[in-house]
Amino acid sequence: MMITRFGLLLLPGASSFNLLTAYRPVDSWSLKESLSERGSTSLDSSVAIDDEAQSASHAPSLLPQKRTRLPRPQRKALERARKANRGEGNPVNQKRDPKRSGLGDMEAAEGEIRLRSSGSVAVLNQESTFSDVLAAIKKSQNNQDNHDLNAVFRFLVELTDSTFADGKKGSLLSRLAVAALHLKNHRIAAGAINYRQSHFRDCLLPMESAALVRNLLRTNNVTEACNILETELSWQSTMMDAAIAASRTTTSSERSCCDLLKYRPEALSYIASWHFFEGQPRAAIHACRKLASMGEAVRAAGISGSSLGLPLSRLLQGAAKCQSLIRTEASTTVSLEDDALSEQQSQDEELARIRIPCNVVYSVLDVMMSLPSENDDRVYELLSNALVRRVVFITGAVNMDGCPPPDRGEAAFIGRSNVGKSSLVNMITNRKSLAYISKRPGKTQQFNFFAVNDKAGKEQEVKYGDIVDGEKDADSFYIVDLPGFGFAKVPDKQRQEWASFMKDYIATRTTLRVVFHLVDSRHGPTEEDLSIMNQVGENLPAYAKYVIVLTKADKNVKGARQNYTGKVSKDVMEKLRRAMAETSNLHVPVVVTSAETKLGRDEMWSYLRCAAAS
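Residues numbered from 1 in each chain as written. Predicted model: local features only at pLDDT ≥ 70, side-chain atom pairs only at ≥ 80, totals over all residues. Heavy atoms only, no water.

## Some points on the overall build of the chain
And step 1. The number of helices and strands found in the chain is 26 helices and 11 strands.
And step 2. A buried classification covers 44% of the 614 residues belonging to the chain.
And step 3. Restricting the contact set of the chain to residue pairs at least 6 apart, pairs at least 24 apart contribute 73%. (Helix = DSSP H or I, 4+ residues; strand = E, 2+ residues; numbered from the N terminus. Buried < 20%, exposed > 50% of the residue type's maximum accessible area, 1.4 Å probe, protein only. Contact = heavy atoms within 4.5 Å.)

Below, the structure is given as structure tokens:
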């Protein structure tokens, strides 16, 4: 006998060896063959060997057995099948307690409901706590088990009273409705919402109502979401004093009014964004106006932008998408909205009278200006990209004959040399090199016209003279960068020509809508600034706005940072007020800005919209 890598080999002449005791089992056919070679032909012996071979074939093998693995598509198919069965309340290969083997029997005893999912909470009864029911709801939502979700609903509605869980039954119903909406079980969600409204209307929490609005919108139940907004999160201007008083107390019952100022804007913002994404601009603008109207009360209550937590990014994304649909006129949703409004005009005339602006993003800008918000660069990037999609340099004019045709609104930037005009223009448009920033004062020596939101091929048309089809957008306007006055190193004759050109431009340019006069916040108005104030005050038409902009406010703060972006000294402000009074511009608005810390960018756009809307 010798051992090989293939097993044991019995050589002729070897001593007798019992094959059945080997570590590798063999079949009966090989045993019979071996016996026949040895001369044994006894039927009884062969039968005995067959029995022994069968018993040996069932003996455990000492060699490792190779496990066959299913292909990836089959494994994924089985996993999807398990999830589908789990969603129907039949988890695959789930070990069940023998005491709970009955699938249709939720009620194990009177006043008690058993849950089918395995977990820390198996039974709900009168001894269950708030945490037990909440854990059961979360477990049902995570397992996508509608069966147990229905069991929790039955338990709360049929087997408990209003005092259950220390009077927090309404909160449990709210959480149950949210879980049902996640599973798209509208029957349980509607039942829980209706029950909490009919039995717990006096103790509904604004936070829970806002969560319901958000989840109802996810499942496109906008009518029910608006109903909760008007019934559970209703607000009137007469409630402002109570809300301000509630913000100074720690009593939970009195703070509910203050919480309303926090969660109603959140719910309104989600409703507005939903209408924007659905291509319904009038309804979205209507929600934004309601949202902006709460700004005074929110600020008076001392609620900060971080605690308010408005989803401004989603609002801007929805408004930009809606405006894109309006521009391309490829959306049937907008026209369908008009038809729906004509049918419902008698029900909501205010909604039907809303006029869609040149860009619906300006309605979100109104919200940002009214309510406190954090100075977030990402939010402003979304805002500026939605308002400034294309910027093209059109021409540089040295007299009125060189100006482009007056076919859109214009916003002019005037100021002395080295006041920071180019940096401010680049900040507003969110561009790095739209206006050239030079270390040498007086680099700008002509009236530079930049077209904002012109047709897509305008740059090719200007550079190469090609004729490009298309029309400018409805919110297109010109940004006009005027030459700097003061200590620019230019001849006196050229300076006089600039002054004459500026006087004619301000007085006769019919499309001029806003003039930004830039003043250095470190020094206040100079003699050149007083001259500009006099000239603008005497020649600017009544239909155009005059705005004084204090630049470089970050230079007045040592180590300007995100939450303290700049300031202006009291001496400079007093000097500016005296100059405004001397030039009859006492009621002109003043905006403090900084191109470094992005201070004042929202306020600048609130006036730039005057040029875009004309």
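Back to the text.
## Looking at unusual backbone geometry
And step 1. A positive phi is found at A165, a non-glycine position, where the angle reads about 55 degrees.
And step 2. By relative accessible area, A165 is classed as buried at 13%.
And step 3. Positive phi values are uncommon outside glycine, yet N453 reaches one of about 60 degrees.
And step 4. When you line up the elements, N453 lands in the loop between β7 (447-452) and α22 (458-464).

## Regarding the packing of helix α20 (residues 377-387) against helix α26 (residues 601-612)
And step 1. Contact geometry for α20 and α26: axes closest at 11 Å, N-to-C directions at 20 degrees. As judged from the angle between their axes, α20 and α26 are roughly parallel. Seen from above, α20 lies across α26 with left-handed handedness. Of α26, the residues touching α20 (which contributes D377, Y380, L383 and L387) are R601, D602 and W605.
And step 2. Per-class residue counts for the contact of α20 with α26 are 4 nonpolar, no polar and 3 charged. (Axes fitted to C-alpha atoms, helices over the stretch in contact; angles between N-to-C directions. Parallel < 35°, antiparallel > 145°, perpendicular 65-115°, else oblique. Left-handed = near helix turned anticlockwise from the far one by under 90°. Nonpolar A, V, L, I, M, F, W, Y, C, P; charged D, E, K, R; others polar.)

## A short note on the nonpolar core
And step 1. In this structure, L176, F516 and W605 are the most contacted members of the largest nonpolar core, which totals 111 residues.
And step 2. In this structure W605 touches Y362, L365, Y380, L387, V388, I428 and F477, once residues within four positions along its chain are discounted.
And step 3. Of all hydrophobic cores here, the second largest spans 34 residues; its members include I394, A397, A544 and Y546. (Core = buried A, V, L, I, M, F, W, Y, C linked by side-chain atoms within 4.5 Å.)

## Regarding the side chain of N359
And step 1. With respect to the helices, strands and loops of the structure, N359 is situated in the loop between α18 (349-352) and α19 (361-370).
And step 2. Accessibility expressed as a relative area gives 0% for N359, which makes it buried.
And step 3. Within polar-contact distance, the side chain of N359 engages the backbone nitrogen of V361 at 3.0 Å.
And step 4. Side-chain polar atoms of N359 contact the side chain of D475, separated by 2.9 Å.
And step 5. Residue contacts for N359: discarding those within four places in its chain leaves Q323, A386, L387, R389 and D475. (Polar contact = N/O pair within 3.5 Å; in protein donor to acceptor, adjacent residues only side chain to side chain.)

## Let's talk about the environment of R390
And step 1. Among the secondary structure elements, R390 is positioned in the loop between α20 and β5 (391-397).
And step 2. Taking the C-alpha atoms as reference points, R390 and A456, 66 residues apart in sequence, are found 7.6 Å from one another.
And step 3. Those residues within four positions of R390 in sequence are excluded, and the remaining contacts are R431, A451, V452, N453, D454, K455, A456 and D473.
And step 4. Within the structure, R390 has its side chain in polar contact with the backbone oxygen of D454 (distance 2.5 Å).

## Let's talk about the environment of C610
And step 1. Relative to the helices and strands, C610 is located in helix α26.
And step 2. Considering only alpha carbons, one finds C610 and A544, 66 residues apart in sequence, at a separation of 8.5 Å.
And step 3. Ignoring anything within four residues of it in the chain, the contact list for C610 reads R513 and K545.

## Points about the packing of aromatic side chains
And step 1. Tallying each qualifying case throughout the model produces 9 aromatic pairs.
And step 2. Arranged with centres 5.5 Å apart and planes meeting at 80 degrees, the rings of F155 and F164 form a pair that is edge-to-face.
And step 3. Of the residues examined, F164 reaches a relative accessible area of 5% and is grouped as buried.
And step 4. Judged by centre distance (4.9 Å) and plane angle (25 degrees), the rings of F413 and F516 are stacked. Separated by 103 residues along the polypeptide, F413 in strand β6 (residues 409-415) and F516 in strand β9 (residues 512-520) bring together distant segments of the chain. Like F413, the residue F516 is buried in the burial classification.
And step 5. Here a set of aromatic residues connected by ring pairs shows up, and it is made of F447, F449, Y478, F501 and Y505.
And step 6. Taking the ring centre of F130 as reference, the NZ or CZ of K168 above it sits at 5.5 Å.
And step 7. Stacked on the ring of Y478, the Lys or Arg R408 has its end atom at 4.6 Å from the ring centre. (Phe/Tyr/Trp six-rings, centres within 6.5 Å; stacked < 30°, edge-to-face > 60°. Lys NZ or Arg CZ within 6 Å of the ring centre and 35° of its normal.)

## Notes on the side chain of E266
And step 1. Counting through the fold element by element, E266 comes out in helix α12 (residues 252-277).
And step 2. Setting aside chain neighbours within four positions, we find E266 in contact with R214 and L310.

## Some thoughts on helix α25 (residues 570-582)
And step 1. For α25, spanning 13 residues, the distance from its first C-alpha to its last is 19 Å, which sits close to the expected 18 Å at 1.5 Å a residue.
And step 2. Looking only at α25, the buried set comprises V572, L576, A579 and M580. All buried residues of α25 project into a common sector of 100 degrees when viewed along the axis, lining one side. For α25, exposure combined with an orientation more than 90 degrees from the buried face picks out K570, D571 and E582.
And step 3. S584 occupies a position one or two residues after α25 and carries a positive phi of about 60 degrees. (Expected span 1.5 Å × (residues − 1). Arc of directions from axis to C-beta.)

## Here's the deal with the pattern of salt bridges
And step 1. Scanning the model with the defined rule gives 18 salt bridges in all.
And step 2. A salt bridge links D454 to R408; the nearest nitrogen and oxygen atoms lie 2.8 Å apart. Linking D454 in the loop between β7 and α22 with R408 in the loop between β5 and β6, this pair joins segments that are 46 residues apart in sequence.
And step 3. Residue classification places D454 among the buried residues on the basis of a relative accessible area of 4%.
And step 4. One salt-bridge network, in which partners are shared between bridges, spans R389, R390, D473 and D475. (Salt bridge = Lys/Arg side-chain N within 4 Å of Asp/Glu carboxyl O.)

## Considering the sheet that holds β5
And step 1. The strand order β5-β7-β8-β6-β9-β10-β11 describes an open sheet built from 7 strands, whose pairing is mixed. Looking at strand neighbours, the two that pair on one side only are β5 and β11 (590-592), the edges of this open sheet. Strand-to-strand twist across the sheet, computed as the mean angle between neighbouring axes with direction ignored, equals 25 degrees.
And step 2. Relative to strand β10 (residues 545-551), β9 runs parallel, the two sharing 7 bridges. Bridge pairing in β10 places D520 opposite T551.
And step 3. Against the sheet, helix α24 (residues 527-539) contacts β6, β9 and β10, and its axis sits at roughly 160 degrees relative to β9. (Pairing = 2+ DSSP bridges.)

## Points about the confidence of the model for the chain
And step 1. The predicted model of the chain averages 80 in pLDDT, with 75% of residues at 70 or higher.
And step 2. In the predicted structure, residues 339-347 sits below a pLDDT of 50 and forms 3 contacts with residues beyond four places in sequence or in another chain. (pLDDT = per-residue confidence, 0-100.)

## Quick notes on the pairing of β7
And step 1. In terms of burial, β7 is largely enclosed, as 6 of its 6 residues are buried.
And step 2. The two faces of β7 match: F447, F449 and A451 on one face and N448, F450 and V452 on the other face are all buried.
And step 3. Here β7 runs beside strand β8 (residues 477-481); their pairing, made up of 5 bridges, is antiparallel. Within the sheet, the bridge partner assigned to A451 lies in β8 and is Y478.

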